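Structural overview for review
The residues making up each chain are set out below.
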Amino acid sequence: MKRTKLACLLLVFVQQVVLGTHDVYIVTMEGDPVVNYQGGVEGFPATAVDLDEEMDVTSEAVTSYSLHLRRRHDNLLDSLFVEGTYEKLYSYHHLINGFAVHMSSLQAEFLRKAPGVKHVERDMKIQKLTTHTPQFLGLPTGVWPTGGGFDRAGEDVVIGFVDSGIYPQHPSFSSHKTDPYGPVPHYKGKCEMDPVTQRSFCNGKIVGAQHFAKAAIAAGAFNPDIEFASPLDGDGHGSHTAAIAAGNNGIPVRMHGHEFGKASGMAPRARIAVYKVLYRLFGGYVADVVAAIDQAVQDGVDILNLSVGPNSPPTATRTTFLNPFDAALLSAVKAGVFVAQAAGNGGPFPKTLVSFSPWITTVAAGVDDRRYKNHLTLGNGKLLSGLGVSPATHGNESFSLISAADALLGSSATKYSALDCQRPELLNKRKVQGKILLCGYSFNYISGTASIKKVSQTAKKLGAAGFVVAVENSYPGTKFDPVPVSIPGILITDVSKTTDLIDYYNSSTTRDWAGRATVFKATAGIADGLAPTLYNSAPQVALFSSRGPDVKDFSFQDADVLKPDILAPGNLIWAAWAPNGTDESNFAGEGFAMVSGTSMAAPHIAGIAALIKQKNPKWSPSAIKSALMTTATTLDKGSHPLRAQQYTSSEMMTLSRATPFDCGSGAVNPKGALDPGLVLDATHEDYITFLCSIPDVNHSEVSNIAGSSCNSSSKVQRPYDLNIPSITISQLRGTETVKRTVTSVSDESETYSIMTRMPPEIALDVMPPALTVLPGASREITATLTARSVTGTYSFGEITMKGDRGHLVRIPVVAMGFK
């Protein structure tokens, strides 16, 4: 190939220098990707299709244009650098036009200046954002019957899981005891073979299984002796999220001889497509994630579940919405794929979200109505509450207490932190046998090197009647979860209750002149904690769930976009687990796990979106998102306003009234979302115009990363003009007028009366006060917001549209007044 003079000079220079440390870089190029290409390159016909058409990814046009882009990527690198000094990892051609390459920072600088290169960004790491909920959400009676029952709920809808893989042998993913699964003509993904068993990962229920690790390998993070170079889930997280969204219905959750109910996915008949990007030791890399997303959309998934997110807002672009990850998801939405992403687990602190863009449905985590609580009865009559999913002490009787400190085998054992009861060989079995073992809660539990499961195993090996783990010091930010164990056991999390326990134990224990315990008179009994208690004060926003406001840049300036979008169950969720999973030490070796995180909330929304897609296959992703948001509820099961778990100034947990920055539009209401009456729709062009309207964002940057040019004649000139089912103005100066277009998805015309609610600091008026919308027709409403006073805080309100045929459409309104 003939090289330019510039390329020759660069080549000579690169040969003469010692290249620095290599990193992975994501590069975007001039030219449209497959989903956007409308022709213009000689010899290559257009590949872009309308939303209601299905792209044939096997067509000659798509295949040849994809190959053309890949060759351009290869030719560019070949023209600039000596072979062997770099490694191209992926060519992205379906959603974005670019590639991932492992090279030095010096080479990256050369690449930035090369003709045809639009943007070069160093790769970032991503992280995991880590049953009863179908009944809690009303699916069995209110939703599944409309889709033909649980055995048809989600039929032929494919959900793609960009996660840690899957454990295909789990009964939640079995195809043996279900009606036969036929082919899904629109899905064309492939199935890798298990390198050990030589069996396919797919079985009809699982229709695609691939893994992506080239960036992780190039970065030196991938250890083949520990990680699985296949779609097999070595973590547990991916199996858990897949089962929440699309696991089989009625799977018994059995552990330690007890059945905790029957598990089911939200859409139990939906198909599962696995795109593994997360690994045990290090998480994952954006370059691998973008490759997985690109492949998933090319394969034909209908829904994407992302229980992953960046470690922080992107630093290489002027706004959080413009980066290769979000740009790929924008193209996915253009291709008709609905995207659910976990909000993050940085709560309850503000601006901790890791999901930013309006085309993504960002999901906060709620606490549902099920709580596992237990109590310890002391010999002095005191009742100490705690957590413990365990059987009661034998015969509901009391047994003598012995602390680990009094059961040590020699003083040398103290160097092993024996007081947290992780190593039975350090404790005297003769002393412990038949007693309740009292253990301490050390920092090892928080770091993950100690677990309640190991305490249970220690107590069992020593023949103890049970165990108590007592928290003596408060660790701010610690999240205590109940852990199922096979013997009587309880975790006392309240430090004051622990003080009562220790005082009672010390006053009841006789010691010799050297302080050695000789007589143990303290007794206790552990109650049965296997059965949950149901509460009406649910859902609540979980303490760990990340909060808004959304941020528009790395300096954490507030964005004119409401995030999170919606609340779904994400606390103590029972679902499938990989027996070799390492993510939760308390569930190592188990087939099920009860896990918390916004990672668990996102697949609830992905599964419910699959049910909406099944009923309304032609709806756009933004219409599905609108249906979910406008029908969400702001009341708990006791008909009280939703509340959010927060911290007091002394780091104690409390409850406060939830705001849209906690829960978005509210808690998901699946039955309402299937029949929303009206939707607020947004097109790909609307999203591009939104990006172009962000202050201080260079229009060339929009073109470079999102691949579409700004149109100065567009009617949307401000970020909050985007037609989404919320209104957020972070700096309201004087009076602003905002318009929203609603479209009927009903079979009948309906007249809506429009009401508003807003605190007195902001005046909110909407016109017209009432409107009639014909089937399939659209109408415009105008909201006028006026800052009456400057408080330095946000005001939260809503626009409510009440239809005469029973539909109720809610649009949250958020604004902060400025002079």
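A brief structural summary. None of the values given here were measured: they were computed from a predicted structure.

Examining the environment of L281
Looking at where L281 falls in the secondary structure, it is placed in the loop between β10 (271-276) and β11 (284-285). Residue L281 is classed as exposed on the basis of its relative accessible area of 56%. C-alpha of L281 to C-alpha of Y372: the two residues are 91 residues apart in sequence and 30 Å apart in space. Those residues within four positions of L281 in sequence are excluded, and the remaining contacts are I226 and E227.

A closer look at the state of the cysteines
Applying the stated criterion across every chain, the model contains three disulfides. Across the disulfide from C191 sits C202; the S-S distance is 1.8 Å. Handedness here is read from the sign of the S-S torsion; for C191 and C202, about -95 degrees, the answer is left-handed. Of this pair, C191 sits in the loop between β6 (158-163) and β7 (206-211) while C202 is found in the loop between β6 and β7, placing the two residues 11 residues apart along the sequence. The exposure class assigned to C191 is partly exposed, which follows from its relative accessible area of 30%. Across the disulfide, C692 is cross-linked to C710 (sulfur-sulfur distance 1.9 Å). Here C692 and C710 share a disulfide; its torsion about the S-S bond, -85 degrees, makes the bridge left-handed. On the criterion of sequence distance, the pair formed by C692 in helix α18 (residues 684-692) and C710 in the loop between α19 (699-706) and β34 (727-733) is long-range, its members being 18 residues apart. The exposure class of C692 is buried, given its relative accessible area of 13%.

Concerning the packing of aromatic side chains
Where two aromatic rings form a pair, the distance of their centres and the angle of their planes describe that pair. Tallying each qualifying case throughout the model produces 15 aromatic pairs. On the numbers, 4.9 Å between centres and 90 degrees between planes, the contact of F661 with Y794 is edge-to-face. Taken together, the positions of F661 in helix α16 (residues 660-663) and Y794 in the loop between β39 (778-787) and β40 (795-803) put the pair 133 residues apart, joining distant regions of the chain. The burial state of F661 is the same as that of Y794; both residues are buried. Over the aromatic face of Y181 sits the side chain of R269, whose NZ or CZ is 3.9 Å from the ring centroid. Taking the ring centre of W513 as reference, the NZ or CZ of R516 above it sits at 5.8 Å.

Procedures and definitions
Each chain carries its own residue numbering, running from 1 in the direction its sequence is written. Totals for whole chains, interfaces and linings use all residues, but because this is a predicted model, local features are given only for residues with pLDDT of at least 70 and pairs of side-chain atoms are given and counted only at 80 or more. Working from all heavy atoms in the structure, the side-chain values ignore hydrogens and water. Helix and strand definitions follow DSSP, with helices as H or I runs of at least four residues and strands as E runs of at least two, each counted in order from the N terminus. Burial classes follow relative accessibility: with a 1.4 Å probe on protein chains only, a residue under 20% of its type's maximum area counts as buried, one over 50% as exposed, and anything between as partly exposed. Two residues qualify as a contact provided that any one of their heavy atoms is within 4.5 Å of a heavy atom in the partner residue. Criterion for a disulfide: a pair of cysteine sulfur atoms at a distance within 2.5 Å. Any pair of Phe, Tyr and Trp rings, taking the six-membered ring for Trp, is counted once the centres come within 6.5 Å. Such a pair is stacked with planes under 30 degrees apart, edge-to-face with planes over 60 apart, and tilted for the rest. Working rule: Lys NZ or Arg CZ, within 6 Å of ring centre, within 35 degrees of ring normal, means a charge sits over the ring.

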